[in-house]
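# Observations on chain architecture
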Amino acid sequence: MKHKIVFFITILLFANACNKERGKPEWETDILAPVINTSFTLSNIIPDSLQQTNPDNTISLVFDNSIYKFNLDTLVSLPDTTFIDTFKLPVFVSMLNVTPGQTIFTKTEENKINISGGVELTRIIIESGKIKFKIRNTINQKTTYKYTMPTATLNGVPFSAQFDVPAGTIANPITYNGVFDLSGYTFDLRGANQNSFNKYNISVEIKLANDAQATTVVQADRVFIESTFDVVRPAYVKGYFGNQQINITNQSTGFDIFKKIISGTLDINTIDVKLKLINAFGIDAKAVLNQLQSVNTDNSSTVNLIHSVIGNSVNINRASDNGQSANVTEYNIQLNEQNSNIDVFIENLPDKFNAALNLQINPQGNTSLHNDFAYNTGFFDARLLVKLPLSLIASNLQLADTFNVNLSQTGTYLKKGTFTIYANNGFPLSAQLQMHLVDANGQLLAQLFSDNTIHSAYTNSNHIVTALRQSVLKFSLNENQMQHLYDTQKMVLKVVFNTSSQSQHVDLYGNYKMDIKMTSDVKLHIRLN
């Protein structure tokens with residue numbers, strides 16, 4: 001539809017190009033010239049991404065989008081976790097003489113990661129993340145630290161970090177910071193006895209460095225080790241993901257198919273709508289769709305979906321693990337005119353859908369015995385798939401589009417004129433055109449109408465186009481309206497469509513088109529400054 005305003009822009013650019021800096025004479029002249037010559041297809045009105053060509057060459061509109069979706073980080077969120085270990089001499093040891101290479105402190109313990117939602121993990125494969133160490137040391141010689149996690153392995157080799165920390169003093173402890181990458185590591189979180197969850201083992205050994213001087217560690221010496229798991233993102237998790245509740249009260253999803261329609265009625269012959277619940281996690285789930293609304297914000301009209309699924313729970317089976325990814329499961333709900341009000345729901349011409357739903361994870365508890373699983377590519381997705389064959393009855397269906405306009409009036413400008421549209425229409429639709437000129441403050445400056453209508457193409461008894469039909473439209477602009485054009489910042493183009501039949505549904509085919517030729521007969525005012 002944007003071609004319909006090109007005639008304004010083209011003529012004005014031509015006029016401005018005639019402006020030359022010489023002398024002060026001025027005059028007026030008449031110009032008769034073609035402006036545009038183009039063709040329109042359905043792709044000029046409906047994006048190709050929303051079109052599907054059927055085997056009989058008719059066109060369907062297809063919308064396939066999520067009304068609610070969540071990924072792994074909603075199901076299992078690994079917090080940044082910090083553990084602090086303090087090392088000092090036992091109270092019954094007043095001092096310890098140590099030589100280079102001698103062990104000063106050791107510790108082996110089991111740490112537990114606190115994960116919300118009642119999640120109990122037995123295994124994690126890390127996609128990305130780090131472990132950060134912050135050490136405060138008062139020992140007055142360089143020390144060597146070895147930090148090992150026996151149950152965290154990469155290619156079968158346990159994680160081990162070794163680093164030296166400079167000497168400190170009791171009055172001025174030295175602080176050391178170190179960062180180590182955990183990408184690719186697999187954590188066995190079953191604990192020392194292999195029967196628990198969220199637990200891993202560590203081993204810490206602190207020695208006097210081999211190149212240090214012999215020294216004495218005293219009762220006041222301290223070593224603090226702060227270890228932090230930082231921004232850990234899992235590639236895979238396994239365990240029990242809890243009996244979580246996910247409540248969505250007002251999830252809004254845009255619906256682009258009708259976004260340019262502002263009024264009128266549209267009766268679609270058949271409506272194929274499917275609600276799909278897709279589970280790519282190794283969990284059982286129970287879903288309740290409490291509400292699904294069709295919302296037309298242009299006329300503030302809302303239609304609630306009426307169907308037996310609303311307010312009732314459905315059970316979604318868990319996905320299966322093929323060792324590299326999840327084999328998803330689907331629960332499909334077909335919506336048609338016999339089991340719902342889907343025709344009224346869609347013919348409300350919505351520009352968005354609002355959904356409210358509840359989702360319960362593992363409604364029967366830990367039935368998998370800690371064998372829930374999820375890949376980082378996993379998701380749970382409630383999708384709405386809408387397929388609308390373009391077999392319809394349109395009654396005063398008004399489409400509108402807005403374009404920015406920025407035209408300057410120089411010494412040469414259009415004074416008045418007539419623009420003529422020759423339309424060879426190959427659609428079984430008639431069309432009336434009007435244009436609104438709007439200034440920078442949103443105020444309407446002028447409305448431009450044609451005295452004629454673009455008539456529907458010639459059709460047979462089945463309302464299939466047999467031949468193109470020509471119509472001629474004229475838009476006359478007086479001097480005042482032409483001045484408004486120069487003050488215009490936005491142009492609103494409105495087109496009102498009616499199908500050739502108001503009683504039978506009309507099919508739209510992919511080869512339908514409309515050829516447009518536009519000419520101008522204008523008076524040009526020229527003033528040379």
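Residues numbered from 1 in each chain as written. Predicted model: local features only at pLDDT ≥ 70, side-chain atom pairs only at ≥ 80, totals over all residues. Heavy atoms only, no water.

## What to know about the environment of leucine 359
Just so we agree on the cut-off: Secondary structure elements are taken from DSSP: a helix is a run of H or I of four residues or more, a strand is a run of E of two residues or more, and numbering for both begins at the N terminus. Throughout, a contact is declared for two residues whenever any of their heavy atoms are within 4.5 Å.
Here leucine 359 shows up in strand β24 (residues 352–361). Considered as a pair, leucine 359 and serine 313 are 46 residues apart in the sequence and their alpha carbons are 9.2 Å apart. Once you skip the residues sitting within four places of it in the chain, leucine 359 turns out to touch Phe70, Gln244, Gln245, Ile246, Ala285, Lys286, Ala287 and Phe380.

## Focus on unusual backbone geometry
Heads up, the condition is: Using a 1.4 Å probe on the protein chains alone, a residue whose accessible area is under 20% of its type maximum counts as buried, one over 50% counts as exposed, and one in between counts as partly exposed.
Unusually for a residue other than glycine, asparagine 57 sits at a positive phi of about 75°. Classification of asparagine 57 as partly exposed rests on a relative accessible area of 30%. Positive phi, normally seen in glycine, also occurs at leucine 349, with a value near 55°. Mapping leucine 349 onto the fold places it in the loop between α3 (342–347) and β24. Assessed through its relative accessible area of 6%, leucine 349 is described here as buried.

## Section: empty space enclosed by the protein
For clarity, the threshold we go by: With a 1 Å grid laid over protein atoms only, a set of points is called a cavity when a 1.4 Å probe fits there but cannot get out and a pocket when it is open yet has protein on both sides within 12 Å along at least five of seven lines; lining residues have an atom within 4 Å of a point. Grid points are joined across faces, edges and corners, and a volume is the space filled by probe spheres set on the points. When residues are grouped by polarity, Ala, Val, Leu, Ile, Met, Phe, Trp, Tyr, Cys and Pro land in nonpolar, Asp, Glu, Lys and Arg in charged, and all others, Gly among them, in polar.
Taken as a whole, this structure holds 3 cavities of 30 Å³ or more when the rule is applied. Quantified by volume, the largest cavity comes out at close to 550 Å³. For the lining of the largest cavity, the elements supplying multiple residues, two or more each, are β16 (261–268), β26 (379–389), β27 (391–404), β29 (429–438) and β34 (490–499). Among the elements that take part in the lining of the largest cavity, β27 stands out by supplying 4 residues, more than any other. Taken together, the residues of the lining of the largest cavity sort by class into 29 nonpolar, 3 polar and 4 charged. Estimates place the volume of the second largest cavity at around 120 Å³. In this structure, the second largest cavity is lined by Leu78, Pro79, Thr81, Ile113, Ile124, Ile126, Phe187, Leu189, Phe229 and Val232. For the lining of the second largest cavity, the elements supplying multiple residues, two or more each, are β7 (120–137) and β14 (223–240).

## Quick look at the nonpolar core
Here is the rule: Buried Ala, Val, Leu, Ile, Met, Phe, Trp, Tyr and Cys residues that are joined via side-chain atoms within 4.5 Å together make up what is termed a nonpolar core.
In this structure, Leu121, Met149, Phe187, Tyr200, Phe258 and Ile346 are the most contacted members of the largest nonpolar core, which totals 135 residues. Apart from residues no more than four positions distant in its own chain, isoleucine 346 is found in contact with Phe258, Ile268, Ile271, Val273, Val386 and Leu388. Core analysis: the second largest hydrophobic core is formed by 5 residues, Tyr236, Ala326, Phe373 and Tyr375 among them.

## Considering the pattern of salt bridges
Oppositely charged side chains can form a pair if their charged atoms are brought close together. Put simply, the rule is: In what follows, salt bridge is the name for a side-chain nitrogen of Lys or Arg lying within 4 Å of a carboxyl oxygen of Asp or Glu.
Applying the stated criterion across every chain yields a total of 11 salt bridges. Residue lysine 199 is joined to glutamate 110 by a salt bridge in which the shortest nitrogen-to-oxygen separation is 3.9 Å. Here the residue lysine 199 occupies a position in strand β12 (residues 199–208), and glutamate 110 occupies one in strand β6 (residues 103–112), the gap between them amounting to 89 residues. When the shortest N-O distance is used, the salt bridge between aspartate 381 and arginine 383 registers 2.7 Å. Exposure class is identical for aspartate 381 and arginine 383. Each is buried. In the salt-bridge network here, residues are joined through shared partners; they are Asp64, Asp381 and Arg383.

Shape descriptors only; they carry no functional weight alone.
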